[in-house]
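Now for the letters of each chain:
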Amino acid sequence: MLNPESNIKFIKGVGEKRAEMFYNLGIFDVDALIHFFPRKYEDWTKTKTVAEVENGENITIKATMITPVKEHMIRRGMTLYKCRFSDGESVINVTIFNNKYLAQALRVYEDYVLFGKIEKTFTTASMSSPKIEKLDTGVRIHPIYSTTGKLTSNAIAKVIKTALESLDEIPETLSDDIRKKYDLISLDSAIRQIHFPENEEEASKARKRLIFEELLTLQLGLLKLKSNKKNETPLKITKDFTSEFTSLLPFKLTNAQQRAIDECIKDMQGKYPMNRLLQGDVGSGKTAVGAGIIYTAVKNGYQTALMTPTEILATQHFESLSKMLDGKGITIRLLTGSTKPKEKREIKADLIDGKIDLLIGTHALIQNDVEFSNLGLVITDEQHRFGVKQRANLASKGQGIHTLVMSATPIPRTLGLILYGDLDISILDELPPGRQTIRTDVVDSSYHERLYKFIRDAVDRGEQCYIICPMVEENEDSLDIKSAEQLAEGLSETAFKGYNLGLLHGKMKAKEKDNVMKAFSNGDVQILVATTVIEVGVDVPNATIMVVENAERFGLSQLHQLRGRIGRGSKKSFCVLVSDSKSEISRSRLMTMKRYSDGFKIADEDLKQRGPGDFFGERQHGLPKLKIADMLEDIDILHLAQNCAGDILKEDYNLDLEKNKHLCDAITKMFRNIEY
């Protein structure tokens, strides 16, 4: 008998050579194999005759083979096999392409089931390369798996069937109470039925059980991760200075800003370190929230570090926070790679002597020789641009440090708790008064001449413009896609000859990028041709126009981030999305940008239209890859799993009870390759 840990090569019919193909799918043992779920099903149970269907329909037909197979070699490497079947009323001409194994297995006068598209005329019926199986085994629901190389879906199904027949009952992971409360079948039944359901109801019940368990395991793992970070902090924030801070501001905080500051201060006054995400749309006022928290931390005797991904963003924070906290007895310094050596030495000395209250900078902050005398709060801006280790290095410069991570990337609310399960979340869901709405238009490339005149008129009035391209350089495979280098070169000689044109893209060195952005910020560059490298950038209040070429190539949330680079001053601003795509879906997506200015609504629309991959990717968030659950489709089950996770941890926080043993193992397995 097999067990879940058995190597795949020991399953009957696999062996060393075929095992290699399974390894390419990431399947090394029996457990991974039985958890390799079908991506869809083909229902061969609803059979019809030729007379009952329309031309071009996908159908399942019970038929008898009535002529032997004839072989026709068309050219080298292409052989056709032709034969005829009858469903009792009509004759079906069947053509099989390059499948010698199937052609040789077919026998005249035996009964088969054929699955595929039927082509009909008044007098004939034919099928090209239908799937064919013997009648006694073929009329069933067929699982369809993701494949690799020569390993077909059918071959995978056969190996899974053999493995399941050789396995004892699969151990249960959920207690009887949970299964009863949420109406879930056993794990053993679910695994067997997900692969080989007798009917749609069985497949549905199996999916519900497996999706629930996967989301429950994920939730428990994230909640445990959050709790693992909660060692008590020695830092004492005894007094809340928010009222004093707000009284010194020349403007009134929004309710959302006030709420976020209150949530952060409450965390910092608790016995555990704050570990919070501040999520706000472009222009929602995250900097003011950060300033309010910094004010209270400093007034309680603690230093703060604010880390940003770029020098120019660090400089912008330095300037805006210096203005906001001016005359309030807070010493602020800026430390970046460009800081002169003498000034660096002074900053480091003053920092360790406690003479600096707030240090703003880039990765320079996490160098070994940067030491604080009493670090209490760490803020990282655009947190997804930093690796886990970089954030941890900064927090390790003190003990029990309070951490705030800020992000202007709106995540759909339904995903927030999953994506940032190890963080508490504050959301700024209202814009400060006076923040203008950017007019957005969707046009095709026939508008370019009018568009370029519109830009020239704006630049002549002293305004500035961004032109965004999806690619850095020209690509032979994508001749219709604008590249930043090609466009900048062309426009500098034609439409914008005599104007100061800048070029910015991700392949440039950091110093070059910073120099171009500084030139644009101070107005030396009038028109900036760039890639999405400016998606997270600086405020240039004078930039009033953004043109996005091949706009259909960008995600909605990305377009919203790009649009957020303009409309930051008092002048009316315009975003023009240029696309020649004839796709209705692309058009609909771009019109969403015209309809909405709220980043969270756009993120929700993006999620509906593109699925959760963009938000729920391992690359960005370092979360386990889900095998069967879908964040969009299974949101109702997600809420049930969240409730269940809370109940389990209330009763058995460490998952020590015997009934939770297998669940604990499942969490360990799911998170074993995840670095936090």
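Above: the structure in question.
Residues numbered from 1 in each chain as written. Predicted model: local features only at pLDDT ≥ 70, side-chain atom pairs only at ≥ 80, totals over all residues. Heavy atoms only, no water.

A. Fine view of unusual backbone geometry. The phi torsion at Tyr109 lies on the positive side, around 70°, for a residue other than glycine. Within the secondary structure, Tyr109 is located in the loop between helix 3 (100–105) and strand 6 (111–117). For Tyr109, a relative accessible area of 64% translates into the label exposed. The phi dihedral of Ser129 falls on the positive side, at around 45°, and the residue is not glycine. Mapped onto the elements, Ser129 comes out in the loop between strand 8 (125–128) and strand 9 (131–134). Judged by relative accessible area, Ser129 falls into the partly exposed class, the value being 38%. (Helix = DSSP H or I, 4+ residues; strand = E, 2+ residues; numbered from the N terminus. Buried < 20%, exposed > 50% of the residue type's maximum accessible area, 1.4 Å probe, protein only.)

B. A look at the pairing of strand 15 (residues 375–381). Counting buried positions along strand 15 gives 7 out of 7 residues, so the element sits mostly inside the fold. Here 5 bridges tie strand 12 (residues 303–307) to strand 15, and the two strands are oriented parallel to one another. Considered in strand 15, the bridge of Gln303 is made with Leu375. Where strand 15 and strand 16 (residues 402–407) come together, 5 bridges link them in parallel fashion. Note on strand 16: the bridge partner recorded for Asp381 is Met406. (Pairing = 2+ DSSP bridges.)

C. Region of the structure containing the environment of Asn255. Inspection of the secondary structure assignment puts Asn255 in helix 10 (residues 255–268). For Asn255 and Leu428, which are 173 residues apart along the polypeptide, the C-alpha to C-alpha distance reads 8.8 Å.

D. Structural detail: the packing of helix 19 (residues 556–563) against helix 20 (residues 584–595). Close contact between helix 19 and helix 20 brings their axes to 10 Å; oriented N to C, the two are set at 35°. For the pair helix 19 and helix 20, the sense of crossing is right-handed. Facing Leu556, Leu559, His560 and Arg563 of helix 19, the residues of helix 20 in contact are Arg589, Leu590, Thr592 and Met593. Classifying every residue of the contact of helix 19 with helix 20 by side-chain character gives 4 nonpolar, 2 polar and 2 charged. (Axes fitted to C-alpha atoms, helices over the stretch in contact; angles between N-to-C directions. Left-handed = near helix turned anticlockwise from the far one by under 90°. Contact = heavy atoms within 4.5 Å. Nonpolar A, V, L, I, M, F, W, Y, C, P; charged D, E, K, R; others polar.)

E. Structural context of the sheet that holds strand 17 (residues 424–428). Read across the open sheet, the 7 strands follow the order 13-14-12-15-16-11-17; overall the sheet is parallel. Edge positions in the sheet fall to strand 13 (332–335) and strand 17, since each of these pairs with one other strand and no more. Averaged over all adjacent pairs, the angle separating strand axes in this sheet is 20°, with direction ignored. Bridge count for strand 12 against strand 14 (residues 358–361) is 4 bridges, and the pairing is parallel.

F. How the structure looks around the packing of helix 11 (residues 286–299) against helix 12 (residues 311–324). Where helix 11 meets helix 12, the closest approach of the two axes is 11 Å, and the angle between their N-to-C directions is 60°. Here helix 11 lies oblique to helix 12, going by the angle between them. As helix 11 runs across helix 12, the sense of the crossing is right-handed. On helix 12, the residues that touch Thr287, Ala288, Ala291 and Ile294 of helix 11 are His317, Ser320, Leu321 and Met324. (Parallel < 35°, antiparallel > 145°, perpendicular 65-115°, else oblique.)

G. Structural view of the sheet that holds strand 18 (residues 439–443). Overall, parallel pairing links the 6 strands, which are arranged 18-23-22-19-21-20 in an open sheet. Each of the sheet's edge strands pairs with one partner strand only, and the pair in question is strand 18 and strand 20 (501–504). Shown here is a sheet whose adjacent strand axes are inclined to one another by a mean of 15°, direction ignored. Across 4 bridges, strand 19 (residues 464–468) lies against strand 21 (residues 527–530) in parallel orientation. Each bridged residue has a counterpart across the sheet, and for Ile468 the counterpart in strand 21 is Ala530. Those strands touched by helix 17 (residues 484–493) are strand 19, strand 20 and strand 21, and its axis lies near 175° from that of strand 20. Strands strand 18 and strand 23 (574–578) of the sheet are contacted by helix 20, whose axis makes an angle of about 160° with strand 18.

Keep in mind that these numbers describe shape and distance, not what the molecule does.
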